[in-house]
Amino acid sequence: MERCRWVPVQLKGDYLAVNIPAYKLFVYEDDSLAWDCNVVVGSVNNQSVIFNGNMNTIVFSPYWNIPASIVAKETLPAVKRNRSYLASHNMEVVSGSGVVNPSSIDWGKYSGYNFPYTIRQKPGPNNSLGRVKFLFPNNYSIYLHDTPAKSLFEEPSRAFSHGCIRVAEPKRLAEHLLRNDTTWNSEKIETAMSKNKETTVKLATPVPVFIAYFTSWVDRQGRLNFRNDVYGHDKRLAKKMFDNPEL
């Protein structure tokens, strides 16, 4: 009940809602549930953030600009162990002036967060973002995206990502968001997702997105639902509300 106060009192129109403990994306059209699908959320060590924003951009066949934290903890050590790592993962190094030849870099002198370049994975079937990403600007660098790791959507508990939300039905979501745009249809979307070239599309009308955390709720059929407190948020909130004598 306390967490319900953190979202708008009345949601209207079209919007998207991700419920982290349910591992689900809910797509609403005219305030009615149109469909839902499985998602993969952030792991316990890389938790997805509870917030809301406005989705305004779809990027087909995206580059993945690897976050500095992943570069420091995973990519740099991997390159130092195996200099062919970048090529084998379809990655490239870029600076403000363009693509940098990785053989010109003295990898041994960089560690942690002092790497002065950006490493990105080029578009393709094995790109970690899959074939499409959905952007809603925020301070957490969180977005929705496709993934080549489809088998994870069948797992009962789906907290595996670095924080972003992986969507089981990304093409369906793209079709839904572009359904009123006459310049896009299913075939064109499929083509854009199959290219190895990035294509950016601005939505005519931004769509509200809510990343929520509800371990219990009553659905629109009147059924009571419970899910596991995957991040321990309920436990910490209950302690603050009921165990702290100063509150």
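See the structure shown above.
Quick caveat, the model's predicted, so the values are computed rather than measured. (Residues numbered from 1 in each chain as written. Predicted model: local features only at pLDDT ≥ 70, side-chain atom pairs only at ≥ 80, totals over all residues. Heavy atoms only, no water.)

1. Here we look at a positive patch on the surface
Residues Lys235, Arg236, Lys239 and Lys240 make up a contiguous surface patch of positive charge. Within the fold, lysine 235 resides in helix 5 (residues 233-243). A relative accessible area of 68% means that lysine 235 is categorised as exposed. (Patch = residues over 30% accessible without salt bridge, like charges linked within 9 Å, V, L, I, M, F, W, Y side chains within 5 Å. Areas by Shrake-Rupley, 256 points an atom, 1.4 Å probe, with all protein chains shown as cover. Salt bridge = Lys/Arg side-chain N within 4 Å of Asp/Glu carboxyl O. Lys, Arg positive; Asp, Glu negative; His and termini not counted. Charge placed at Lys NZ, Arg CZ, Asp CG, Glu CD. Helix = DSSP H or I, 4+ residues; strand = E, 2+ residues; numbered from the N terminus. Buried < 20%, exposed > 50% of the residue type's maximum accessible area, 1.4 Å probe, protein only.)

2. Focus: the packing of aromatic side chains
Enumeration according to the criterion identifies nine aromatic pairs in this entry. Residues tyrosine 15 and phenylalanine 210 carry aromatic rings whose centres are separated by 6.0 Å and whose planes lie at 90 degrees to one another, so their mutual orientation is edge-to-face. Here tyrosine 15 is found in strand 1 (residues 15-19), whereas its partner phenylalanine 210 is found in strand 13 (residues 199-212), with 195 residues between them in sequence. Its relative accessible area of 5% is what places tyrosine 15 among the buried residues. With a relative accessible area of 10%, phenylalanine 210 lands in the buried category. Taken together, the ring pairs connect Trp107, Tyr110, Phe115 and Tyr117 into an aromatic cluster. The lysine or arginine in question, arginine 120, covers the ring of tyrosine 63, its NZ or CZ lying 3.9 Å from the ring centre. Lying across the ring of tyrosine 143, lysine 133 places its NZ or CZ 5.5 Å from the centre. (Phe/Tyr/Trp six-rings, centres within 6.5 Å; stacked < 30°, edge-to-face > 60°. Lys NZ or Arg CZ within 6 Å of the ring centre and 35° of its normal.)

3. Remarks on the pattern of salt bridges
Tallied over the entire structure, the rule returns ten salt bridges. Here arginine 220 ties to aspartate 31 by a salt bridge, and the two come within 3.7 Å at their closest N and O atoms. One end of the pair, arginine 220, is in the loop between strand 14 (216-218) and strand 15 (224-226); the other, aspartate 31, is in the loop between strand 2 (24-29) and strand 3 (32-42), with 189 residues separating them in the sequence. A salt bridge links aspartate 219 to arginine 223, with the nearest nitrogen and oxygen atoms 2.8 Å apart. With relative accessibility at 17%, the residue aspartate 219 sits in the buried group. One salt-bridge network, in which partners are shared between bridges, spans Asp14, Glu29 and Arg179.

4. Side note on the nonpolar core
Formed by 37 residues in total, the largest nonpolar core has its most connected members in Leu25, Met55, Phe60, Phe134, Leu144 and Leu173. The greatest single-element share of this core, amounting to five residues, is contributed by strand 13. Sequence-distant contacts of leucine 25, defined by excluding residues within four places in its chain, comprise Leu16, Ala17, Val18, Trp35, Asp36, Cys37, Val39, Leu144, Val167 and Leu173. In terms of nonpolar packing, the next biggest core, distinct from the first, is built from 20 residues, Ile66, Val79, Val100 and Trp107 among them. (Core = buried A, V, L, I, M, F, W, Y, C linked by side-chain atoms within 4.5 Å. Contact = heavy atoms within 4.5 Å.)

5. Overview of helix 3 (residues 170-177)
Along an α-helix, residues three or four positions apart point the same way, because every turn accommodates 3.6 residues. Along helix 3, the residues that are buried comprise Pro170, Leu173, Ala174, His176 and Leu177. Each buried residue of helix 3 sits inside an arc of 160 degrees when the element is viewed along its axis, so together they form one side. (Arc of directions from axis to C-beta.)

6. Some thoughts on the side chain of asparagine 225
Mapped onto the elements, asparagine 225 comes out in strand 15. Leaving out residues up to four positions away in the same chain, asparagine 225 has contacts with Thr215, Ser216, Trp217 and Asp219.

7. Focus on unusual backbone geometry
Although it is not a glycine, serine 61 adopts a positive phi angle of roughly 45 degrees. Among the structural elements, serine 61 can be located in the loop between strand 4 (51-60) and strand 5 (64-65). Of note, serine 141 is a non-glycine position whose phi angle comes to about 55 degrees, a positive value. Secondary-structure assignment places serine 141 in the loop between strand 9 (132-135) and strand 10 (144-145). For serine 141, a relative accessible area of 55% corresponds to the exposed category.

8. Focus: the environment of valine 132
In this structure, valine 132 sits in strand 9. Among the residues examined, valine 132 registers a relative accessible area of 0% and is labelled buried. For valine 132 and phenylalanine 60, which are 72 residues apart along the polypeptide, the C-alpha to C-alpha distance reads 4.4 Å.

Don't take any of this as a statement about function, it's just geometry.
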